[in-house]
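A look at the structure
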Amino acid sequence: MIKCEQMYEGKAKKVFATDDENYCIVSYKDNATAFNGVKKGTIVGKGVVNNKMTNYLMRKLTAEADVPTHFVEELSDRETLVKRVKIVPLEVIIRNIAAGSFSKRFGVPEGTELKCPTLEYCLKDDHLGDPMINDSQIIAIGAATPEDLDTIADYAYRVNDYLKDFFAGVNIDLVDFKIEFGKTADGQIVLADEISPDTCRFWDKTTHEKLDKDRFRRDLGNVEEAYGEMMRRVLGE
Ligand code: TMP
Ligand code: ASP
């Protein structure tokens, strides 16, 4: 497939058209932002880690948890061929342990194990600061249909069940994560975007060390080392 014009540039990735309208190419950057783009920086090598980790986990999710994804083929360290989808404008967040905005909003100390996983949605809209939104609001404004939202919730819990066990196997607590879904031309909901230290909280089970983007968000240092460590644990590289 031939790489054609750039269609879109986001904060962490660029998306290119191809000569086949059903596919596009995602290119992962080292740029990092936090707090809706207010904090900016570079995490050297992040694009490679996020590309390879996302592809590895998406392959496994399809094969072992029956979750369809947009992944087609890894083209290089930073580039991947994916199915062209229309992104459902929702950030789908699952939490197993209280942290971040959940701790702040509900006054639950970071590190508190939750009695069951929580599922929450934010409307993807940078100008509005990605506000939290509930099921009836999503349906009322047409961000997703009731059927698509049922599918998304089912897949999100399946992703959590699978990834929680997978990361436990490499001595990591999957604290929480954010995923996104897209709709293919033939109307199928698939997991899209990425699954990486940018979009998940990973804590070492023994030391509780943070091995994710919170090191950048909170100026904890050793950011590249944390991404490298997660790459080694997941891919053995
Ligand atoms: P939060 O506690 O800040 O709401 O974050 C929950 C999870 O979502 C955490 O794993 C980080 C991830 N996340 C993103 O991937 N993108 C974002 O813009 C934000 C705010 C969080
Ligand atoms: N997506 C956030 C930003 O817009 C980054 C984050 O906190 O993960 O800057």
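One can find the structure itself at the top, above this paragraph.
Analysis parameters
Residues numbered from 1 in each chain as written. Chains lettered and ligands numbered in written order. Predicted model: local features only at pLDDT ≥ 70, side-chain atom pairs only at ≥ 80, totals over all residues. Heavy atoms only, no water. Helix = DSSP H or I, 4+ residues; strand = E, 2+ residues; numbered from the N terminus. Rg over C-alpha atoms; globule rule 2.2 N^0.38 Å. Buried < 20%, exposed > 50% of the residue type's maximum accessible area, 1.4 Å probe, protein only. Contact = heavy atoms within 4.5 Å. Areas by Shrake-Rupley, 256 points an atom, 1.4 Å probe, with all protein chains shown as cover. Lys, Arg positive; Asp, Glu negative; His and termini not counted. Charge placed at Lys NZ, Arg CZ, Asp CG, Glu CD. Pairing = 2+ DSSP bridges. Axes fitted to C-alpha atoms, helices over the stretch in contact; angles between N-to-C directions. Core = buried A, V, L, I, M, F, W, Y, C linked by side-chain atoms within 4.5 Å. Disulfide = S-S within 2.5 Å. Salt bridge = Lys/Arg side-chain N within 4 Å of Asp/Glu carboxyl O. Phe/Tyr/Trp six-rings, centres within 6.5 Å; stacked < 30°, edge-to-face > 60°. Lys NZ or Arg CZ within 6 Å of the ring centre and 35° of its normal.

The next point concerns the overall build of the chain. In terms of regular secondary structure, the chain is built from six helices and 14 strands. Computed over C-alpha atoms, the radius of gyration of the chain comes to 17 Å, within 12% of the 18 Å expected from 2.2 N^0.38 for 237 residues, which places it in the range of a compact globule. Based on the C-alpha atoms only, the size of the chain along its principal axes is roughly 50 × 40 × 40 Å. Burial status across the chain gives 52% buried among its 237 residues. Intrachain contacts of the chain at a sequence separation of at least 6 include 56% that bridge at least 24 residues. Total accessible area on the chain stands at roughly 11,200 Å², and carbon and sulfur atoms take up 50% of it. The distance from the centre of the 33 positive side-chain charges to the centre of the 42 negative ones in the chain is 4 Å.

Where strands meet in a sheet, backbone hydrogen bonds hold them as pairs that are either parallel or antiparallel. Read across the sheet, five strands follow the order E1-E2-E3-E7-E6 without closing on themselves; strand pairing throughout is antiparallel. On the outer flanks of this sheet lie strand E1 (3-9) and strand E6 (71-74), each paired with one strand and no other. Recorded for the sheet is a direction-independent mean angle of 30° between the axes of neighbouring strands. Inspection of the sheet shows E6 paired to strand E7 (residues 79-83) by three bridges, in the antiparallel sense. Each residue of the ladder has a partner; that of Glu74, found in E7, is Thr80. Contacting strand E3 (23-28), E6 and E7, helix H1 (residues 46-65) runs over the sheet at an angle of about 130° to E6.

Before going further, it helps to spend a moment on the nonpolar core. Counting residues in each nonpolar core, the largest one holds 51 residues, and the members touching the most others are Leu90, Tyr121, Phe167, Ile179, Leu191, Ile195 and Phe202. Top contributing element to this core by residue count: helix H4 (residues 146-168), with ten residues. Other than its neighbours up to four places away in sequence, Tyr121 contacts Leu90, Glu91, Val92, Pro131, Met132, Ile133, Asp135, Ile138, Leu149, Ile152 and Ala153. Listed in part, the five residues of the second largest apolar core include Cys24, Val26, Tyr28 and Val82.

Let us now look at the state of the cysteines. Counted according to the given criterion, the structure contains zero disulfides. Here Cys24 stays unpaired: no disulfide links it, and the sulfur of Cys4, its closest cysteine neighbor, is 11 Å away. Cysteine Cys116 is unpaired, with the sulfur of Cys122 as its nearest cysteine sulfur at 18 Å. Overall, the relative accessible area of 47% leaves Cys116 in the partly exposed class.

Another aspect to go through is the pattern of salt bridges. Evaluated as defined, the whole model comprises 28 salt bridges. The salt bridge involving Glu110 is made with Arg218; its shortest N-O contact spans 2.7 Å. One end of the pair, Glu110, is in the loop between helix H2 (100-106) and strand E10 (113-123); the other, Arg218, is in the loop between helix H5 (214-217) and helix H6 (223-235), and 108 residues separate them in sequence. Glu180 serves as the salt-bridge partner of Lys124, at 3.2 Å between the closest nitrogen and oxygen. Residue Lys124 is found in the loop between E10 and strand E11 (132-133), and its partner Glu180 is found in strand E12 (residues 172-184); the two are separated by 56 residues along the sequence. The exposure class assigned to Glu180 is buried, which follows from its relative accessible area of 5%. Three or more residues joined by partner-sharing salt bridges are found here, namely Arg95, Glu110, Glu120, Asp176, Arg201, Lys210, Asp214, Arg217 and Arg218.

What follows deals with the packing of aromatic side chains. Per the stated rule, a full pass over the model turns up six aromatic pairs. Each ring, one from Phe102 and one from Phe106, has its centre 4.9 Å from the other, and the planes form 70°; the classification is edge-to-face. You can see Phe102 and its partner Phe106 sitting in helix H2, four residues apart, about one turn around the helix. Arranged with centres 5.2 Å apart and planes meeting at 85°, the rings of Phe166 and Phe167 form a pair that is edge-to-face. Since its relative accessible area comes to 0%, Phe167 is described here as buried. When the ring centre of Phe16 is taken as origin, the NZ or CZ atom of Lys3, which lies over that ring, is 4.2 Å away.

Nothing here speaks to function; it is geometry throughout.
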